[in-house]
Amino acid sequence: MRILSASIQGFRNLQESIFEFSPRVNLVLGRNGEGKTNLLESLNLFALGRSHRSAKNDEMIAFESESLFVKMGVEGADGTPLRCEYAFERERGSRFFLNGNVVSRKADLVGILNTVYFDPDSIHLVRGEPRRRRHFVDQGIAETDPLFLSHLTSFQRALRQKNGLLRDLKKGLTKITTAREELKAWNRELAHHTVEICLGRADYADRLTPCGDTAHRNLTGGSHGLEFLYRPALETVKSALEKSSEKGEKKEHLKAEILDEIDYIMETEIKRGRTLRGPQLDDFEVCRSGLDLRVFGSQGESRAAAISLILARSDVLFQKRQIRPVIFFDDIFSELDQERSHRLQEMASGLHQVFIATARPGDVAGWRPPEMKTWSVTSGEFKEHDTT
Ligand SMILES: Nc1ncnc2c1ncn2[C@@H]1O[C@H](COP(=O)(O)OP(=O)(O)OP(=O)(O)O)[C@@H](O)[C@H]1O
Ligand SMILES: [Mg+2]
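Please read these numbers as outputs of a predicted model, since none were measured by experiment. (Residues numbered from 1 in each chain as written. Chains lettered and ligands numbered in written order. Predicted model: local features only at pLDDT ≥ 70, side-chain atom pairs only at ≥ 80, totals over all residues.)

Some remarks on the environment of R53
Then, number 1: Locating R53 in the fold gives a position in the loop between α1 (36–48) and α2 (57–60).
Then, number 2: According to the C-beta neighbour criterion, R53 is partly exposed, with 15 such atoms within 10 Å.
Then, number 3: Between the alpha carbons of R53 and N38 there is a distance of 9.9 Å; along the sequence they are 15 residues apart. (Helix = DSSP H or I, 4+ residues; strand = E, 2+ residues; numbered from the N terminus. Buried ≥ 20, exposed ≤ 12 C-beta atoms within 10 Å, placed from the backbone.)

Quick look at the structure:
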């Protein structure tokens, strides 16, 4: 998968510009605050349907402008040319287009353009809250399994409804007699989606581990192994995963057990006014040679593990759908020692199209992969340089 060209208007501080990218390595150099991340953000936005910086849409429209428009020429995984566009207007909101047709649901954007984004914040995949790891896994599964995404969305909707009801009960706005039946109905729906979410996460963690282990050994040149282990919050899920039974049988049985487990704590949930158990509390352990890096990892160890896991996600995507995502490296090499930086550059650019943004040209000094293109940016204005 490759982004071959882009035309950008009204995006943050970026001057109106047109790019022809290298199918291999694209390097963007510039001092702090000149527009490097803005360019990468604009190219990554279609893939996610939103900014990776979790900015609001109108924050991305240039200060003096009323709208922004980005158009990209993309080569799909099977070589198909795709035209990916999006427009944000202060008045009308956001619209996405594929080959000129409006993409009406955000969920339909998933899997059209696959990307992976690394920035200094990526370390939080290992050190941050469980929510970060759940999101990482859920996004990874959704890339290859649209059904999973619909279970997850329905689960989240049902959970919001159930929490709303529990809150109303606590405030005395609803009668307990009718609410019990309603809570039971929500629990049935939650259990139905929970079993799919948990089995999906368990399977994904199993797939990620060998890829992450290989990436980690390649990146560090060391002998330390890496494991990514699913730690479900529900006791029933924990014990079901320890037993080996037929998948179909496991699913039906587990669904009933999950329902029992969440029904059992209903009275406590009513007292507390919120849901207390479920996959919304799941976590994943990141282990380097048996040591839990979430707790004991040094900065460098956690960083190497996070990078390996993100690369592993792209390997899983390749195994399942023969897709190599576009990789963005935003200011990441200044955080790695030179040897690891160089290894990562080689590992990623061998198989993927990569975009690298850095304020320190020294991070990529002496690295001249074939077909590399280089730009420098000053106040949002890009100038292409001859790299050869
Ligand atoms: N909506 C907007 N309109 C105009 N300018 C904006 C808008 N949003 C952000 N900016 C400006 O864009 C500039 C460039 O930001 P960007 O994050 O791309 O810098 P950078 O080159 O990645 O810098 P660093 O090396 O510090 O990461 C910043 O000065 C920022 O204030
Ligand atoms: Mg930046």
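What to know about the domain arrangement of the chain
Then, number 1: Along its sequence, the chain is carved into domain 1 (2–114 + 323–385) and domain 2 (130–203 + 236–277).
Then, number 2: Once you take the C-alpha centre of each, domain 1 and domain 2 turn out to be 37 Å apart.
Then, number 3: Counting from both sides, the interface comprises 4 residues of domain 1 and, opposite them, 4 residues of domain 2.
Then, number 4: The class makeup of the residues in the side of domain 1 that touches domain 2 is 2 nonpolar, 2 polar and no charged. (Domains from an automatic or database assignment. Contact = placed C-beta atoms within 7 Å. Nonpolar A, V, L, I, M, F, W, Y, C, P; charged D, E, K, R; others polar.)

Considerations on the site of ligand 1
Then, number 1: Not every one of the 17 residues close to ligand 1 is listed here, only the nearest: N13, N32, K36, T37 and N38.
Then, number 2: Of all the elements in the fold, those that place two or more residues in the shell around ligand 1 are α1 and α2.
Then, number 3: Among the elements that line the shell around ligand 1, the one with the most residues is α1, at 3 residues.
Then, number 4: For the shell around ligand 1, a count of residues per class yields 5 nonpolar, 7 polar and 5 charged. (Near = placed C-beta within 6 Å.)

Brief notes about the packing of helix α6 (residues 176–220) against helix α11 (residues 299–321)
Then, number 1: With their axes 7 Å apart at the nearest point, α6 and α11 run at an angle of 125° to one another. One finds that α6 runs oblique with respect to α11. When you trace α6 past α11, the crossing you get is right-handed. In contact with R207, L208, C211, G212, A215, H216, L219 and T220 of α6, α11 contributes A304, A305, I307, S308, L309, L311, A312, R313, D315 and V316.
Then, number 2: Looking at side-chain class alone, the contact of α6 with α11 contains 11 nonpolar, 4 polar and 3 charged residues. (Axes fitted to C-alpha atoms, helices over the stretch in contact; angles between N-to-C directions. Parallel < 35°, antiparallel > 145°, perpendicular 65-115°, else oblique. Left-handed = near helix turned anticlockwise from the far one by under 90°.)

Side note on helix α4 (residues 130–144)
Then, number 1: With 15 residues, α4 should cover 21 Å at 1.5 Å per step; its first-to-last C-alpha distance of 22 Å lies within 8% of that length.
Then, number 2: Among the residues of α4, those classed as buried are R133, F136, V137, G140, I141, A142 and E143.
Then, number 3: Buried residues along α4 sit against α3 (124–127), α5 (146–170), α6, β10 (283–288) and α11. (Expected span 1.5 Å × (residues − 1).)

Description of the sheet that holds strand β8 (residues 115–118)
Whether parallel or antiparallel, the strands of a sheet pair through hydrogen bonds between backbone atoms.
Then, number 1: Strand order in the open sheet formed by 6 strands is β8-β12-β13-β3-β14-β15, with mixed pairing between adjacent strands. On the outer flanks of this sheet lie β8 and β15 (381–385), each paired with one strand and no other. Ignoring which end each strand starts from, the neighbouring axes of this sheet average 20° apart. (Pairing = 2+ DSSP bridges.)

A look at α5
Then, number 1: End to end, α5 covers 36 Å across 25 residues, agreeing with the expected 36 Å (1.5 Å per residue, within 8%).
Then, number 2: Where α5 is concerned, the buried positions are F148, L152, F155, A158, K162, L166 and L169.
Then, number 3: Those residues of α5 that are buried lie in contact with α4, α6 and α9 (266–272).
Then, number 4: Positive backbone phi, at 80°, marks G172, one or two positions downstream of α5.

Re unusual backbone geometry
Then, number 1: Of note in this structure, N99 is not a glycine but carries a positive phi near 50°.
Then, number 2: Mapping N99 onto the fold places it in the loop between β6 (93–98) and β7 (101–103).

As for the pairing of strand β12 (residues 326–330)
Then, number 1: By the criterion of burial, β12 is predominantly enclosed, with 5 of the 5 residues buried.
Then, number 2: Neither face of β12 is exposed, since V326, F328 and D330 on one face and I327 and F329 on the opposite face are all buried.
Then, number 3: Two elements, β8 and β12, share 4 bridges in a ladder whose sense is parallel. Of the residues in β12, the one forming a bridge with Y117 is F328.
Then, number 4: Direction of pairing for β12 relative to strand β13 (residues 354–358): parallel, over a ladder of 4 bridges. Residue pairing across strands places F329 opposite I356, the latter belonging to β13.
Then, number 5: A crossover connection joins β12 to the parallel β13 through helix α12 (residues 338–351); in handedness this β-α-β unit is right-handed. (Right-handed = clockwise from strand over helix to strand, strands pointing away.)

A closer look at the pairing of β6
Then, number 1: One ladder, built from 6 bridges, connects strand β5 (residues 81–89) with β6; its direction is antiparallel. Across the sheet, F88 pairs through a bridge with S94, a residue of β6.
Then, number 2: The turn linking β6 back onto β7 is made up of 2 residues, and N99 within it adopts a positive phi angle of 50°.

Focus: the sheet that holds strand β2 (residues 17–20)
Then, number 1: Taken together, 6 strands build an open sheet; the order of strands is β2-β1-β4-β5-β6-β7 and the sheet is antiparallel. For this open sheet the edge positions go to β2 and β7, each flanked by a neighbour on one side alone. Strand-to-strand twist of the sheet, defined as the mean angle between neighbouring strand axes without regard to direction, takes the value 20°.

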